[in-house]
Amino acid sequence: MIKAKENKGFSIIELIIVVGVISILVVIGGSISSKFMDRRAIDKITNNISTSLNLAKIQAARHGVEYETVIEYDSDKKEINIKTYRGSSNTGTDFSDSGQYEIISDTTFNIMQDYTILPSDESTFTYHFNPNGTSSALSLTLKPIDSDTNIKKCGRIVLSTFGRVRTRIGNWDHDESDPDTACKAIGDDQASPPSSS
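Model, not experiment: these values are computed from the prediction.

*Asks:* Got a sec to walk through the environment of Pro144? Specific residues and values, please.
*Replies:* With respect to the helices and strands, the residue Pro144 is situated in strand 6 (residues 138-144). Judged by its relative accessible area of 0%, Pro144 falls in the buried class. Along the chain, Pro144 and Asp114 lie 30 residues apart, while their C-alpha atoms are 5.7 Å from each other.

Right under this line is the structure:
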């Protein structure tokens, strides 16, 4: 008769090694996914601001009245509030003080503790859109506070007087003083390939 093979289980040392390797992989994966989520949060806020501005511009042209987008930054709560208002005139006049604007949307986002908005001397950014496509020219930049932070991601939004909304998502260069050049688009900070002769 053929003797059945004896089945042996795992030893306690083998189990401890397997559990240790799995724990290390979970810690590494958690750290990577946390950084990825932080970077995506900056992208999301930048894109939400840009989308709000573009929608206000389109609605102003479509409805033939002024629209206004107000972005308020609360540095204590680390919140960004975006409100869009619809005006009651097509004269291109700022009616926000007279109460002739009707609120259309109101959204609030949290930003990370290590981030701030430039220009830092302002906490409210107001963008006006006229029915003829023109707007107020303003810019804002979402950036890391200091160079010690792990995430170097930045977002920059520039609105021209012709209503063009430019958005740049990139990496922040703390050596630059101008926000327009400090927020480098992905790939701008890489060495250019050698020219072929």
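*Asks:* Lay out the sheet that holds strand 9 (residues 183-185) with the relevant residues and their values.
*Replies:* Strand order across the open sheet formed by five strands is 4-6-7-8-9, with antiparallel pairing between neighbours. Because the sheet does not close on itself, it has two edges, and the strands there are strand 4 (115-118) and strand 9. Between one strand and the next, the sheet's axes are offset by a mean angle of 30°, whatever the strand orientation. Sheet topology places strand 8 (residues 165-172) next to strand 9; three bridges connect them, and they run antiparallel. Along strand 9, the bridge assignment pairs Trp172 with Cys183.

*Asks:* Before we move on, can you summarise the pattern of salt bridges with the specific residues and values?
*Replies:* Summed over all chains, the structure comprises two salt bridges. Between Asp43 and Lys153 there is a salt bridge whose closest N-O contact spans 3.0 Å. Here Asp43 is found in helix 1 (residues 12-63), whereas its partner Lys153 is found in strand 7 (residues 153-159), with 110 residues between them in sequence. Judged by its relative accessible area of 10%, Lys153 falls in the buried class.

*Asks:* Which residues make up the state of the cysteines, and what values go with them?
*Replies:* Inspection of the entire model under this criterion finds one disulfide. In this model Cys154 forms its disulfide with Cys183; the gap between the sulfur atoms is 2.1 Å. Taking the sign of the S-S torsion, 100° for the link of Cys154 and Cys183, the bridge is right-handed. One end of the pair, Cys154, is in strand 7; the other, Cys183, is in strand 9, with 29 residues separating them in the sequence. Note on accessibility: Cys154 and Cys183 belong to one class, buried.

*Asks:* Lay out a nonpolar patch on the surface with the relevant residues and their values.
*Replies:* On the surface, a cluster of nonpolar side chains totalling about 880 Å² of accessible area is made up of Phe10, Ile12, Ile13, Leu15, Ile16, Ile17, Val21 and Leu25. When its relative accessible area of 60% is taken as the criterion, Ile12 is described as exposed.

*Asks:* Would you mind going over the sheet that holds strand 1 (residues 67-74) in detail, with residue names and values included?
*Replies:* Read across the sheet, four strands follow the order 3-2-1-5 without closing on themselves; strand pairing throughout is antiparallel. For this open sheet the edge positions go to strand 3 (102-110) and strand 5 (124-129), each flanked by a neighbour on one side alone. Between one strand axis and the next, the sheet turns by 15° as a mean value, whatever way the strands run.

*Asks:* Which residues make up the nonpolar core, and what are the values?
*Replies:* Nonpolar side chains in soluble globular proteins tend to be buried together. Ile49, Ile71, Ile80, Tyr127, Phe129 and Leu140 are the most contacted members of the largest nonpolar core, which has 26 residues in total. Looking at this core, the elements that each hand over two or more residues are helix 1, strand 1, strand 2 (79-86), strand 4, strand 5, strand 6 and strand 7. When residues no more than four places from it in sequence are discounted, the contact partners of Phe129 are Leu53, Ala56, Lys57, Ala60, Val65, Glu66, Tyr67, Thr69, Thr134, Ser135 and Leu159. Residues Leu118, Cys154, Ala182 and Cys183 belong to the second largest nonpolar core, which totals five residues.

*Asks:* Requested: an account of the side chain of Lys78, with residues and values cited.
*Replies:* By the element assignment, Lys78 lies in the loop between strand 1 and strand 2. Asp114 provides the closest opposite charge to the buried, unpaired Lys78, separated from it by 7.4 Å. With residues up to four places along the chain from it excluded, the contact list for Lys78 reads Tyr73, Phe109, Asn110, Ile111, Met112, Gln113, Tyr115 and Ile145.

What counts, and at which threshold
Residues numbered from 1 in each chain as written. Predicted model: local features only at pLDDT ≥ 70, side-chain atom pairs only at ≥ 80, totals over all residues. Heavy atoms only, no water. Helix = DSSP H or I, 4+ residues; strand = E, 2+ residues; numbered from the N terminus. Buried < 20%, exposed > 50% of the residue type's maximum accessible area, 1.4 Å probe, protein only. Pairing = 2+ DSSP bridges. Axes fitted to C-alpha atoms, helices over the stretch in contact; angles between N-to-C directions. Salt bridge = Lys/Arg side-chain N within 4 Å of Asp/Glu carboxyl O. Disulfide = S-S within 2.5 Å. Patch = residues over 30% accessible without salt bridge, like charges linked within 9 Å, V, L, I, M, F, W, Y side chains within 5 Å. Areas by Shrake-Rupley, 256 points an atom, 1.4 Å probe, with all protein chains shown as cover. Core = buried A, V, L, I, M, F, W, Y, C linked by side-chain atoms within 4.5 Å. Contact = heavy atoms within 4.5 Å. Lys, Arg positive; Asp, Glu negative; His and termini not counted.

Scope: geometric values only; no functional claims are made or implied.
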